[in-house]
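Breakdown of the fold
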Amino acid sequence: MNQTHTKKEKIKQLLYILLPILVTQLALFSMNFFDTTMSGHYSPIDLAGVAIGSSIWTPVFTGLSGILLAITPVVSQLIGAKKRKDIPYQVIQGVYLSITLAIVVLIIGAFTLNYILQSMSLEPAVEQIAHDYLVALSFGIIPLFVYQVLRSFIDALGKTRVTMLISLSSLPINITFNYLLIYGKYGFPELGGVGAGYATAITYWIVTGIAVWIIHSKESFSTFHVFSKVYPLALKAWKEILIIGIPIGLAIFFETSIFAAVTLLMSTFNTVTIASHQAALNFASFLYMIPLSISMALTIVVGFEVGAKRYRDAQVYSWIGLTMAVSLALVCGIILALLRTEIASIYTSDYEVLQLTAHFLLYALFFQLSDAIQAPVQGALRGYKDVNITFIMSLVSYWVVGLPFGYYLANYTNWGAFGYWIGLISGLAVGAICLSSRLIYLQRKIYKKEASSN
């Protein structure tokens, strides 16, 4: 088999794993996307309130659900070791842990939410909507965390298309309840942006119910008998999940919390600026699902090749994924540059918000080009199990470079709100350079080791 054909096969294999992950990520993100856009069409105040609420919730959710992603390698290893009988026990312990984490979030939120919002100097109407949106959303936190465990179990069995279909089913459910509860249609109460919180919570309950039904009734999963026995709570099993999960969760938290921090810092600007910033950031985050999905797929394929000691193949996969991400980013960048006013109109019909959003979207163009490098490289490095250095580099590039530089530009120069975006772009660029250097160094080190042992 020649090298060209080998590369074609690798591209095909990567796409096979990547596409269900991409659709799943886009579907999950789209719930937040529709909350934001449908609230924006209700009023700029509702858009700002939901945006602030989402920016507080997203890093908390992604960080803690990152811990629960540890179920995937735990189950995968048990399958590899032919210990199928131990799998239901581990999954149920994961469910217990997820419920505990959800309750902890609810308790902490009850004591800190008012304090966080009051410290942000928001307009009273925006603060009220952000508060009520998060309270509404909180009714769905327990099923959401349980779903993360069940999704990890399904993915560990290689059934990524099942989670894709579940995630896709969540979209029409969420949009329907958004429509009914934001705008008060067919006798439902007109709740504005707060209705988006209730709609999302209802969707989480339904989606978790669907996942439980599939695992209980469909042959691929029912043979594991996950729900057929009540297991006692076991802290030893929790410890195993937490040892693997906490580093993953922390890394994800520090990546996502930087954007929340910027949104919180921008609360000193007026409602139009907050709404415009959040609309543009929401669309940039939507585009980020592409490199993020490539990153997740690379972790799987690179990890598999490294595990089989096929280091050349791992390297080829790394650079195929990176090339794919950058190529797609360039295409998205051209579309963004040409259609930024049309994209802004998805979020709002308010002229002032629309014009400012279109301006912010120019910065989003550079933003996603840096993302297209750093995300896939990070995914490849996780495939090599090189997570600690990667975590430190991400932490430094965002929190030591990006945020302070953005704060300086926003508060001590004429850049204003755009200064934060330049800071984020700079942090992402530094991260992209450092992580790429690390990947090249790591691959060369492996080749030298290989050469010396031959």
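Every value quoted in this text rests on a predicted model; they were computed, and no experiment measured them. Note on numbering: residues in each chain are counted from 1, in written sequence order. Local features are withheld for residues below a pLDDT of 70 in this predicted model, meaning they are given only at 70 or higher, and side-chain atom pairs are given and counted only at 80 or more; totals for whole chains, interfaces and linings count all residues. To obtain the side-chain values, all non-hydrogen atoms of the structure were included, while hydrogens and water were left out.

This part takes up the side chain of Asn-174. Strands are runs of DSSP state E lasting at least 2 residues, helices are runs of H or I lasting at least 4, and numbering of each runs from the N terminus. With respect to the helices and strands, Asn-174 occurs in helix 7 (residues 160-183). Think of it in three bands: with a 1.4 Å probe and only protein chains considered, a residue is buried below 20% of the maximum accessible area for its type, exposed above 50%, and partly exposed in between. Asn-174 gets classed as buried once you look at its relative accessible area, which sits at 0%. Any pair of residues with heavy atoms lying within 4.5 Å of one another is described as a contacting pair. Those residues in contact with Asn-174 that sit more than four places away from it in its chain are Met-31, Phe-34, Asp-35, Ala-199, Thr-200 and Thr-203.

All right, on to a nonpolar patch on the surface then. On the surface, a nonpolar cluster with roughly 480 Å² of combined accessible area is contributed by Val-331, Ile-334, Ile-335, Leu-338 and Leu-339. Assignment of secondary structure puts Ile-334 in helix 12 (residues 311-347). Patch criteria: residues need more than 30% relative accessible area and no salt bridge. Like-charged residues are merged within 9 Å; nonpolar side chains of Val, Leu, Ile, Met, Phe, Trp and Tyr are merged within 5 Å. All accessible areas in this document rest on Shrake-Rupley with a 1.4 Å probe, and a residue is counted as covered only by the protein chains that are shown. A pair is scored as a salt bridge if a Lys or Arg side-chain nitrogen falls within 4 Å of a carboxyl oxygen belonging to Asp or Glu.

Before going further, it helps to spend a moment on the side chain of Ser-39. Here Ser-39 lies in helix 1 (residues 3-40). The exposure class assigned to Ser-39 is buried, which follows from its relative accessible area of 0%. Excluding its chain neighbours within four sequence positions, the residues that come into contact with Ser-39 are Phe-34, Asp-46, Leu-47, Val-50, Ile-182, Gly-193 and Ala-196.

Time to look at the environment of Met-289. Structurally, Met-289 can be placed in helix 11 (residues 271-307). Residues Met-289 and Ser-167 lie 122 residues apart in sequence; the distance between their C-alpha atoms is 14 Å. Sequence-distant contacts of Met-289, that is, excluding residues within four places in its chain, are made with Leu-22, Gln-25, Leu-26 and Phe-29.

For helices, the fitted axis covers only the stretch in contact; all axes are lines through C-alpha atoms, and the angles between them, taken along N-to-C directions, range from 0 to 180 degrees. Viewed as axis vectors pointing N to C, helix 10 (residues 235-265) and helix 11 meet at an angle of 165 degrees, and their least axial separation amounts to 11 Å. Classified by the angle their axes make, helix 10 and helix 11 are roughly antiparallel. When the axes of helix 10 and helix 11 are compared, the crossing they make is right-handed. In this structure, helix 10 contributes Glu-255, Phe-259, Val-262 and Thr-263 to the contact, and helix 11 contributes His-277, Gln-278, Leu-281 and Tyr-288. Angles are sorted into four bins: roughly parallel if under 35 degrees, roughly antiparallel if over 145, roughly perpendicular if 65 to 115, and oblique for all others. Crossing handedness follows the turn of the near helix against the far one: under a right angle anticlockwise gives a left-handed crossing, and clockwise gives a right-handed one.

Note on aromatic pairs: the rings of Phe, Tyr and Trp (six-membered ring only in Trp) are paired at centre separations within 6.5 Å, and the planes decide the class, stacked below 30 degrees, edge-to-face beyond 60, tilted for the rest. With the rule as written, the count across this model stands at ten aromatic pairs. Measuring from ring centre to ring centre gives 5.5 Å for Phe-367 and Trp-421, while their planes differ by 50 degrees; the resulting arrangement is tilted. Of the two residues, Phe-367 is situated in helix 13 (residues 351-383) and Trp-421 in helix 15 (residues 418-453); the sequence distance between them amounts to 54 residues. Classification of Phe-367 by relative accessible area gives buried; the value is 3%. Measuring from centroid to centroid gives 6.4 Å for Tyr-407 and Tyr-412, while their planes differ by 65 degrees, and the two rings are edge-to-face. Of the aromatic side chains, those joined through ring pairs into one cluster are Phe-360, Tyr-363, Phe-367, Phe-418 and Trp-421. Its end group placed over the ring of Tyr-16, Arg-161 keeps NZ or CZ at 4.6 Å from the ring centre. Only when the NZ atom of a Lys or the CZ atom of an Arg is both within 6 Å of the ring centre and within 35 degrees of the ring normal do we say a charge sits over the ring.

Side chains bearing opposite charge may pair, as long as their charged atoms lie close to each other. Enumeration according to the criterion identifies three salt bridges in this entry. The partner of Lys-10 in a salt bridge is Asp-313, with the nearest N and O atoms 2.8 Å apart. One end of the pair, Lys-10, is in helix 1; the other, Asp-313, is in helix 12, with 303 residues separating them in the sequence. We classify Lys-10 as buried; its relative accessible area is 8%. Owing to a relative accessible area of 22%, Asp-313 belongs among the partly exposed residues under this scheme. Here the residues in one salt-bridge network are Lys-10, Glu-305, Arg-310 and Asp-313, joined through shared partners.

The residue Asn-282 is located in helix 11 in this model. The sequence separation of Asn-282 and Gln-368 amounts to 86 residues, and the corresponding C-alpha distance is 12 Å. Apart from residues lying up to four places away in sequence, Asn-282 is in contact with Phe-29, Asn-32, Phe-33, Thr-36 and Tyr-347.

This part covers the confidence of the model for the protein chain. A residue-level look at the protein chain finds 97% of positions with pLDDT of 70 or above and a mean pLDDT of 83. Per-element averaging of pLDDT across the protein chain places helix 3 (residues 71-80) at the bottom with 68 and helix 8 (residues 193-217) at the top with 90. Confidence scores here are pLDDT values: one per residue, from the predictor, ranging 0 to 100.

Residues Leu-14, Val-302, Leu-336, Leu-361, Phe-367, Tyr-384 and Trp-421 are the most contacted members of the largest nonpolar core, which totals 71 residues. Contributions of two or more residues to this core are made by helix 1, helix 10, helix 11, helix 12, helix 13, helix 14 (388-412) and helix 15. The biggest single contributor to this core is helix 11, with 15 residues. When near neighbours in sequence (up to four residues on either side) are disregarded, Trp-421 contacts His-277, Ala-280, Leu-281, Phe-360, Tyr-363, Ala-364 and Phe-367. Nonpolar cores were defined as sets of buried Ala, Val, Leu, Ile, Met, Phe, Trp, Tyr and Cys residues, with membership established by side-chain atoms within 4.5 Å. With 59 residues, the next largest nonpolar core counts Leu-117, Met-120, Ile-214 and Phe-224 among its residues.

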